[in-house]
Amino acid sequence: MEKKCYRLNEAKMYVDISDGTAIIINSVTGIYFGLNSFGTVVFERILDGAAIEDIAIFVKQVPGVPDNFDDSLGVFVKSLIENEIIIPRDDYSSVTVSIDAEVAEADGFVPICTAYQDVQELLFADPIHEVEEDEGWKPE
Amino acid sequence: MVVSLRTPSADCRIKALKSYITETFTNVDVFYVNLGDLRTVRINSFYPGTSGIIGRQFKLSLTAPVDNPDAVIWLWRETGCNDFISRVLRIKEDYDPRMGDWHEVFHYNDKKEMLPMASIDPAGKWGIHISYNNEYFFGLDGLGPETWFKEGHYFVQALFRILNLRSSSLVHGACVGQDGAGVLLCARGGGGKSTLTVKALLKGFEYVSDDYLILDSSAGNLNASPVYSFVALSPIMYEEMYDDLNKAHFLGVSPWKGKYVFDISGYEDQFRRHYPVKALLFPEIDVDSPRPSIIKCSAAEKGKAIVQIAHSTLSQMGFKGFSGNQKDSEFIRKTILMLNGLECFRIVLSKNLDANVDCLSNFLKQI
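Residue positions are given per chain, counted from 1 along the sequence in the order it is written. As they are written, the chains are lettered A onward and the ligands numbered 1 onward, keeping that order. Side-chain atom pairs in this predicted model are given and counted only at pLDDT of 80 or more, local residue features only at pLDDT of at least 70, and totals for whole chains, interfaces and linings cover all residues. Here the side-chain values reflect all heavy atoms present in the structure, with hydrogen atoms and water set aside.

K.L.:
Could you give an account of the domain arrangement of chain B, naming the residues involved and the relevant values?
P.N.:
Residues and elements named next belong to chain B. For the domain bounds, the source is a domain assignment made automatically or taken from a database. What the domain assignment lists for chain B is domain 1 (2–143) and domain 2 (168–366). One C-alpha centre belongs to domain 1, the other to domain 2, and the line joining them spans 30 Å. Between domain 1 and domain 2, a total of about 2100 Å² is buried, with carbon and sulfur atoms accounting for 60% of that surface. Summed over both partners, the accessible surface that disappears when two parts come together, traced with a 1.4 Å probe, is what is meant by buried area. Together, Leu 38, Gln 57 and Leu 60 form the three largest contributors to the area buried by domain 1 at its contact with domain 2, with a combined 29%. Counted as salt bridges are all cases of a side-chain nitrogen of Lys or Arg within 4 Å of a carboxyl oxygen of Asp or Glu. Between the two partners, domain 1 and domain 2, sit one salt bridge. A salt bridge links Asp 37 to Arg 273, with the nearest nitrogen and oxygen atoms 3.8 Å apart. Here a polar contact is recorded for every N or O atom pair within 3.5 Å, except that within protein the pair must consist of a potential hydrogen donor and a potential acceptor, and residues adjacent in sequence are included only if both atoms are side-chain atoms. Counting the contacts that link domain 1 with domain 2 gives five residue pairs in polar contact (both at pLDDT 80 or more). Secondary structure counts use DSSP, requiring at least four H or I residues in a row for a helix and at least two E residues in a row for a strand, with both numbered from the N terminus. Those elements giving two or more residues to the side of domain 1 that touches domain 2 turn out to be strand S2 (29–35), helix H2 (51–57), strand S5 (103–108), strand S6 (114–120), strand S7 (128–132) and strand S8 (135–140).

This is how it looks when you write it as structure tokens:
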């Protein structure tokens, strides 16, 4: 079976990896993406040319990896593809995969890609207590 | 606790807030600040003992009073954060101060969008930050000359909103140049941009900023203008540059990373407004490098530089209590549009500060 390899969608995406965290910007829309630490190392391996299947094989050798790791990895890669961060690459070359087990473990073996249009949007997830015009307000 | 207010209700509470400030604190120092000829801001400081530091911070941007400033910043000393929301804003919502959580107040704009209006830390550590239309309110405590360098940073977040214009932005970056050709240095903190910029200033370069600046592309070309006349240096770099800092005044140590803060308005002759930006420069420190070098960036490296300037700006400006009609993604898109047309270079900085500046000087002669 042909292995799945990807590369950065350089036409649209700008990337900076700093302190173990990847920040990715869609230069067309301005939407930015943050990866968690484990997501960042997986992303780096993808950009190195590693096949998704080879990354899965490597991580599943780490003690403590949950049974559903393939699902987590699949969701992550799907998110990268759907957000046009990565695109398929034609060439496949065998790349030695190496991922820091401590980073994987610290993030519960779940790589995550989060898209942000505005950090403030997160606040709207809180419950809102509406205050009517005159409620709680007594002009002196 | 999260509260949302309809417009008339929000108006009433802001009116009460202003009454509270002006009736409680009688002495006010007023400043007018010209932000790159794009916006004029009035600062009303009711906080005793801060007028000197504010005046020095904006010394080269101060301007004559105007009747209708584009925005107003209010500063006062607030020691009653725990009951502020009920006592001053008259919002009767039960909350438990022991929760230690922020109060978030939102209001609806004309488009029925809900915008952040206030963030209040009941514990008082971070104080009160309120923004409504074009007015920004800071109720803070414990502002000494040195804590100002840290707490006064909140002003930057207000200025970022005020400068949210179609073709301009306040960004976290540095800019110096020679003979009317400038470079925009983009890097996160610790990337060497302040050291290179200040050293360049001391060696006679034209100067815009080492930290925050206004980028404006409304006239077609990209220009940079300063906001502050402060710089901050690490103690090690201060020692390195000590003999040359003869026109700088030491102001104190910032609690933020222990940097030394200086008033550099003595170098006014070298300050430039509307300064043409000709290239992006991405500094990289290599202490093992025997000499500095400047190399043209690949497309990916240029992308990395733009991510750094956008992300470090948003990280500095992203205070949740401030409203604005701008989404982060819009700021990023605008920044990319402004910077994409520039060529990007990487400067590898050596330990030799003079050699770094000479390298930059040679580079500027070629662009």
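K.L.:
A description of helix H6 (residues 193–202) of chain B should follow, citing residues and the corresponding values.
P.N.:
Most of H6 of chain B is tucked away, with 10 of its 10 residues classed as buried. Each residue is assigned to one of three classes by its accessible area relative to the maximum for its type, calculated with a 1.4 Å probe on protein chains only: buried under 20%, partly exposed between the two thresholds, exposed over 50%. Of all the positions in H6 of chain B, only Lys 193, Ser 194, Thr 195, Leu 196, Thr 197, Val 198, Lys 199, Ala 200, Leu 201 and Leu 202 of chain B are classed as buried.

K.L.:
Please set out the nonpolar core residue by residue, giving values where relevant.
P.N.:
Residues and elements named next belong to chain B. Counting 65 residues, the largest nonpolar core has Phe 155, Leu 159, Leu 170 and Leu 215 as its most contacted members. In terms of residue count, helix H8 (residues 299–317) provides more of this core than any other element does, seven residues in total. Any two residues having at least one pair of non-hydrogen atoms within 4.5 Å are treated as being in contact. Not counting residues up to four positions away in its chain, the partners in contact with Leu 215 are Ser 167, Ser 168, Ser 169, Val 171, Leu 184, Leu 222, Asn 223, Ala 224, Val 277, Met 338 and Leu 339. By nonpolar core we mean a set of buried residues, namely Ala, Val, Leu, Ile, Met, Phe, Trp, Tyr and Cys, connected to one another through side-chain atoms within 4.5 Å. Counting residues in hydrophobic clusters, the runner-up holds 33 residues, among them Leu 196, Val 198, Phe 271 and Leu 360.

K.L.:
I'd love a proper account of the pattern of salt bridges, names of residues and values included.
P.N.:
Taken as a whole and assessed by the stated rule, the structure comprises 20 salt bridges over all chains. In this structure, Glu 82 of chain A engages Lys 78 of chain A in a salt bridge whose closest nitrogen and oxygen atoms are separated by 3.6 Å. Remark: Lys 78 of chain A and Glu 82 of chain A occur in helix H3 (residues 69–82); sequence separation between them is four residues, near one turn of the helix. The partner of Asp 358 of chain B in a salt bridge is Lys 203 of chain B, and the shortest N-O contact between them spans 3.2 Å. Pair noted here: Asp 358 of chain B is in helix H10 (residues 353–366) and Lys 203 of chain B is in the loop between H6 and strand S12 (206–209), with a separation of 155 residues, a long-range link.

K.L.:
Tell me about the environment of Ser 218 of chain B, and please be specific about residues and values.
P.N.:
All names here are of chain B. Mapped onto the secondary structure, Ser 218 falls in the loop between strand S13 (212–216) and strand S14 (223–226). Spatially, the C-alpha atom of Ser 218 lies 21 Å from that of Leu 185, the residues being 33 residues apart in sequence. A polar side-chain atom of Ser 218 sits 2.9 Å from a polar atom in the side chain of Asp 216.

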